[in-house]
Amino acid sequence: MSLLPILRWPDPRLSQRCDEVGSVDEVAGLVSDLFETMYDAPGRGLAAPQVGAMFRVFVMDAGWKDGEMTPRACINPEITWRSDERVTGGEGCLSIPGVTAQVERHARIRLAYTDLGGAAQEAELSGAEAIVAQHEYDHLDGLVHFDRLEAEARAALIADYEALVQGA
(Lines give C-alpha, C1' and ligand atoms only; values in the text may rest on other atoms or scores of the structure.)
Protein backbone atom coordinates (compact mmCIF):
# COMPACT_ATOMS: atom_id res chain seq x y z
CA MET A 1 0.00 0.00 0.00
CA SER A 2 1.08 3.53 -0.60
CA LEU A 3 -0.13 7.07 -0.18
CA LEU A 4 -1.15 8.70 -3.44
CA PRO A 5 -1.05 12.41 -4.25
CA ILE A 6 -4.57 13.89 -4.36
CA LEU A 7 -5.31 16.04 -7.41
CA ARG A 8 -6.42 19.59 -6.75
CA TRP A 9 -9.25 21.28 -8.59
CA PRO A 10 -9.29 22.51 -11.36
CA ASP A 11 -7.17 19.62 -12.65
CA PRO A 12 -8.95 18.59 -15.91
CA ARG A 13 -9.08 14.93 -14.87
CA LEU A 14 -11.59 15.90 -12.19
CA SER A 15 -13.99 16.93 -14.98
CA GLN A 16 -13.83 13.69 -16.96
CA ARG A 17 -16.18 10.71 -16.82
CA CYS A 18 -14.36 7.57 -15.70
CA ASP A 19 -14.13 4.20 -17.47
CA GLU A 20 -15.81 1.03 -16.27
CA VAL A 21 -13.54 -1.50 -14.56
CA GLY A 22 -13.18 -4.74 -16.53
CA SER A 23 -11.85 -6.90 -13.72
CA VAL A 24 -11.59 -6.38 -9.97
CA ASP A 25 -8.01 -7.65 -10.16
CA GLU A 26 -6.96 -4.63 -12.22
CA VAL A 27 -7.94 -2.22 -9.40
CA ALA A 28 -7.23 -4.26 -6.23
CA GLY A 29 -3.96 -2.43 -5.53
CA LEU A 30 -5.58 0.91 -6.33
CA VAL A 31 -8.38 0.22 -3.82
CA SER A 32 -5.84 -0.47 -1.06
CA ASP A 33 -4.00 2.73 -1.93
CA LEU A 34 -7.25 4.71 -2.00
CA PHE A 35 -8.13 3.54 1.52
CA GLU A 36 -4.67 4.39 2.85
CA THR A 37 -4.76 7.81 1.19
CA MET A 38 -8.32 8.54 2.38
CA TYR A 39 -7.59 7.69 6.02
CA ASP A 40 -4.34 9.67 5.94
CA ALA A 41 -5.96 12.79 4.39
CA PRO A 42 -8.18 12.38 6.59
CA GLY A 43 -11.38 11.97 4.58
CA ARG A 44 -14.60 9.99 4.57
CA GLY A 45 -14.41 9.07 0.89
CA LEU A 46 -12.05 9.14 -2.05
CA ALA A 47 -12.69 8.45 -5.73
CA ALA A 48 -10.14 7.05 -8.17
CA PRO A 49 -10.08 10.16 -10.41
CA GLN A 50 -9.01 12.23 -7.40
CA VAL A 51 -5.67 10.42 -7.58
CA GLY A 52 -5.53 10.46 -11.39
CA ALA A 53 -6.84 6.90 -11.93
CA MET A 54 -9.72 7.20 -14.38
CA PHE A 55 -11.72 4.18 -13.22
CA ARG A 56 -15.24 3.92 -11.81
CA VAL A 57 -14.04 3.15 -8.29
CA PHE A 58 -14.44 4.88 -4.96
CA VAL A 59 -13.86 4.00 -1.33
CA MET A 60 -15.71 5.35 1.66
CA ASP A 61 -15.98 5.08 5.41
CA ALA A 62 -18.57 7.59 6.55
CA GLY A 63 -18.36 6.88 10.28
CA TRP A 64 -14.73 6.20 11.09
CA LYS A 65 -14.06 9.69 12.44
CA ASP A 66 -16.94 9.36 14.91
CA GLY A 67 -16.60 5.74 15.96
CA GLU A 68 -16.62 2.41 14.22
CA MET A 69 -14.76 1.82 10.96
CA THR A 70 -17.03 0.64 8.14
CA PRO A 71 -14.86 0.68 4.99
CA ARG A 72 -16.65 0.11 1.69
CA ALA A 73 -14.98 -0.26 -1.72
CA CYS A 74 -17.33 0.39 -4.64
CA ILE A 75 -16.30 -0.80 -8.09
CA ASN A 76 -18.51 0.16 -11.06
CA PRO A 77 -21.14 1.64 -8.72
CA GLU A 78 -24.61 2.57 -9.88
CA ILE A 79 -27.20 4.53 -7.95
CA THR A 80 -30.35 2.53 -8.67
CA TRP A 81 -32.82 4.51 -6.54
CA ARG A 82 -33.02 7.94 -4.93
CA SER A 83 -35.51 9.06 -2.30
CA ASP A 84 -37.71 12.06 -2.97
CA GLU A 85 -36.63 13.49 0.37
CA ARG A 86 -33.65 15.81 0.14
CA VAL A 87 -31.21 17.16 2.69
CA THR A 88 -28.77 20.05 2.54
CA GLY A 89 -25.49 20.02 4.40
CA GLY A 90 -21.92 21.18 4.35
CA GLU A 91 -19.58 19.13 2.17
CA GLY A 92 -15.85 19.37 1.89
CA CYS A 93 -13.71 17.74 -0.77
CA LEU A 94 -10.15 16.47 -0.57
CA SER A 95 -9.55 17.88 -4.07
CA ILE A 96 -10.85 21.32 -3.04
CA PRO A 97 -9.42 21.75 0.46
CA GLY A 98 -10.36 24.63 2.70
CA VAL A 99 -13.89 25.37 1.47
CA THR A 100 -17.20 23.83 2.39
CA ALA A 101 -20.23 23.92 0.10
CA GLN A 102 -23.88 23.65 1.17
CA VAL A 103 -25.03 20.89 -1.19
CA GLU A 104 -28.51 19.42 -1.59
CA ARG A 105 -28.55 15.62 -1.88
CA HIS A 106 -31.04 12.78 -1.72
CA ALA A 107 -31.59 11.67 1.88
CA ARG A 108 -31.49 7.97 0.93
CA ILE A 109 -30.15 6.05 -2.04
CA ARG A 110 -29.74 2.48 -3.16
CA LEU A 111 -26.23 1.74 -4.40
CA ALA A 112 -25.33 -1.30 -6.49
CA TYR A 113 -21.63 -2.07 -6.89
CA THR A 114 -19.03 -4.80 -7.10
CA ASP A 115 -16.95 -5.32 -3.98
CA LEU A 116 -13.24 -6.07 -3.82
CA GLY A 117 -14.00 -9.81 -3.74
CA GLY A 118 -15.83 -9.53 -7.08
CA ALA A 119 -19.31 -10.01 -5.57
CA ALA A 120 -22.30 -7.93 -6.62
CA GLN A 121 -23.62 -5.88 -3.71
CA GLU A 122 -26.57 -3.60 -3.15
CA ALA A 123 -26.99 -1.34 -0.13
CA GLU A 124 -29.60 1.17 0.91
CA LEU A 125 -27.73 4.11 2.39
CA SER A 126 -28.95 7.01 4.48
CA GLY A 127 -27.43 9.80 6.52
CA ALA A 128 -23.72 10.41 6.12
CA GLU A 129 -23.27 7.21 4.08
CA ALA A 130 -25.77 8.41 1.45
CA ILE A 131 -24.14 11.84 1.26
CA VAL A 132 -20.59 10.48 0.96
CA ALA A 133 -21.62 7.92 -1.67
CA GLN A 134 -23.34 10.56 -3.81
CA HIS A 135 -20.36 12.91 -3.49
CA GLU A 136 -17.89 10.21 -4.55
CA TYR A 137 -20.20 8.94 -7.31
CA ASP A 138 -20.26 12.46 -8.76
CA HIS A 139 -16.47 12.33 -9.11
CA LEU A 140 -16.83 9.27 -11.35
CA ASP A 141 -18.99 11.35 -13.70
CA GLY A 142 -16.56 14.28 -13.73
CA LEU A 143 -18.46 16.42 -11.21
CA VAL A 144 -17.29 18.15 -8.04
CA HIS A 145 -19.55 19.52 -5.33
CA PHE A 146 -19.28 23.03 -6.84
CA ASP A 147 -21.16 21.67 -9.87
CA ARG A 148 -24.23 21.05 -7.66
CA LEU A 149 -24.54 24.72 -6.68
CA GLU A 150 -26.43 27.66 -8.10
CA ALA A 151 -24.22 29.95 -10.22
CA GLU A 152 -23.88 32.68 -7.57
CA ALA A 153 -22.97 30.28 -4.74
CA ARG A 154 -20.57 28.44 -7.05
CA ALA A 155 -18.80 31.66 -8.07
CA ALA A 156 -18.45 32.76 -4.43
CA LEU A 157 -16.92 29.44 -3.35
CA ILE A 158 -14.58 29.36 -6.33
CA ALA A 159 -13.41 32.86 -5.38
CA ASP A 160 -12.87 31.69 -1.77
CA TYR A 161 -10.89 28.68 -2.97
CA GLU A 162 -8.77 30.72 -5.37
CA ALA A 163 -8.00 33.18 -2.56
CA LEU A 164 -6.88 30.27 -0.36
CA VAL A 165 -4.67 28.84 -3.10
CA GLN A 166 -3.07 32.22 -3.84
CA GLY A 167 -2.46 32.84 -0.14
CA ALA A 168 -0.75 29.45 0.33
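Residues numbered from 1 in each chain as written. Predicted model: local features only at pLDDT ≥ 70, side-chain atom pairs only at ≥ 80, totals over all residues. Heavy atoms only, no water.

Description of the overall build of the protein
Selection criterion: Helix and strand assignments come from DSSP, with helices taken as H or I runs of at least 4 residues and strands as E runs of at least 2, each series counted from the N terminus. Each radius of gyration reported is based on C-alpha atoms, and the globular scaling rule is 2.2 Å times the count of residues to the power 0.38. Classification of residues uses two cut-offs on accessible area relative to the type maximum, computed with a 1.4 Å probe and protein chains only: under 20% is buried, over 50% is exposed, and between them is partly exposed. It only takes one pair of heavy atoms within 4.5 Å for two residues to be counted as in contact. Note on areas: these come from Shrake-Rupley sampling with a 1.4 Å probe, and a residue is covered only by the protein chains present in the view. Charge counting treats Lys and Arg as positive and Asp and Glu as negative, with His and both chain ends excluded. Here the site of a charge means atom NZ of a Lys, CZ of an Arg, CG of an Asp or CD of a Glu.
Within the protein one finds three helices and seven strands. In the protein, the succession of α and β elements from N to C terminus is α-β-β-β-β-β-β-β-α-α. Over its C-alpha trace the protein gives a radius of gyration of 15 Å, about what one expects of a compact globule, namely 15 Å for 168 residues. Taken along its principal axes, the extent of the C-alpha atoms in the protein is 45 × 40 × 30 Å. Within the span of the protein, comprising 168 residues, buried residues form 46% of the whole. Look at the contacts in the protein between residues 6 or more apart in sequence, and 63% of them connect residues 24 or more apart. Working note: accessible area of the protein is about 8200 Å², and carbon and sulfur atoms make up 48% of it. Seen as two clouds, the 14 positive and the 28 negative side-chain charges of the protein have centres 3 Å apart.

Topic: the nonpolar core
Taken as a class, soluble globular proteins show a tendency for nonpolar side chains to be buried jointly. For the record, the criterion: Among buried residues, the Ala, Val, Leu, Ile, Met, Phe, Trp, Tyr and Cys ones that are joined through side-chain atoms within 4.5 Å form a nonpolar core.
The biggest cluster of nonpolar side chains holds 19 residues, and the ones touching the most others in it are Leu34, Leu46, Val57 and Val59. Counting only elements with at least two residues in this core, the list comes to helix H1 (28-40), strand E2 (57-60) and strand E3 (72-82). With six residues, H1 is the largest single contributor of residues to this core. For Leu46, the contacting residues outside a window of four places in its chain are Ile6, Leu34, Thr37, Met38, Val51, Phe58, Val59, Leu94 and Glu136. Listed in part, the 18 residues of the second largest apolar core include Leu111, Ala123, Val132 and Ala133.

Notes on the sheet that holds strand E7 (residues 120-126)
Where we set the bar: Strands are treated as partners if at least two bridges between them are detected by DSSP. Structural elements are reduced to axes, namely lines fitted to C-alpha atoms, with helices fitted over the stretch in contact, and the angle between N-to-C directions of any two is expressed from 0 to 180 degrees.
Strands sit in the order E1-E2-E3-E6-E7 across an open sheet of five strands; the sheet is antiparallel. Either end of the sheet is taken by a strand with one partner, and the two such strands are strand E1 (45-47) and E7. Neighbour to neighbour, the strand axes of the sheet diverge by 40 degrees on average, direction disregarded. Here three bridges tie E1 to E2, and the two strands are oriented antiparallel to one another. Within E2, the residue paired with Leu46 across the bridge is Val59. Relative to E2, H1 is tilted by about 40 degrees, and along the sheet it contacts E1, E2 and E3.

Re the environment of Asp25
Note that Asp25 resides in the segment before H1. Residue classification places Asp25 among the exposed positions, given a relative accessible area of 68%. Along the chain, Asp25 and Leu116 lie 91 residues apart, while their C-alpha atoms are 8.4 Å from each other.

Comments concerning the side chain of His135
Along the polypeptide, His135 turns up in helix H2 (residues 127-140). The contact partners of His135, leaving out residues within four places of it in the chain, are Glu91, Gly92, Cys93, Arg105 and His145.

Overview of the UniProt feature "binding site: Fe cation" (unreviewed entry) in the protein
Rules: UniProt positions are given in the numbering used here, feature names are shortened, and annotations may be inferred rather than shown by experiment.
If you check UniProt for "binding site: Fe cation" (unreviewed entry), the listed places come out as Cys93, His135 and His139 in our numbering. Annotated residues spanning 47 residues; largest pairwise C-alpha distance 10.3 Å, indicating a single compact cluster. Looking at where Cys93 falls in the secondary structure, it is placed in the loop between strand E4 (86-91) and strand E5 (101-106). Those residues in contact with Cys93 that lie beyond four places of it in its chain are Gln50, His135, His139 and His145.

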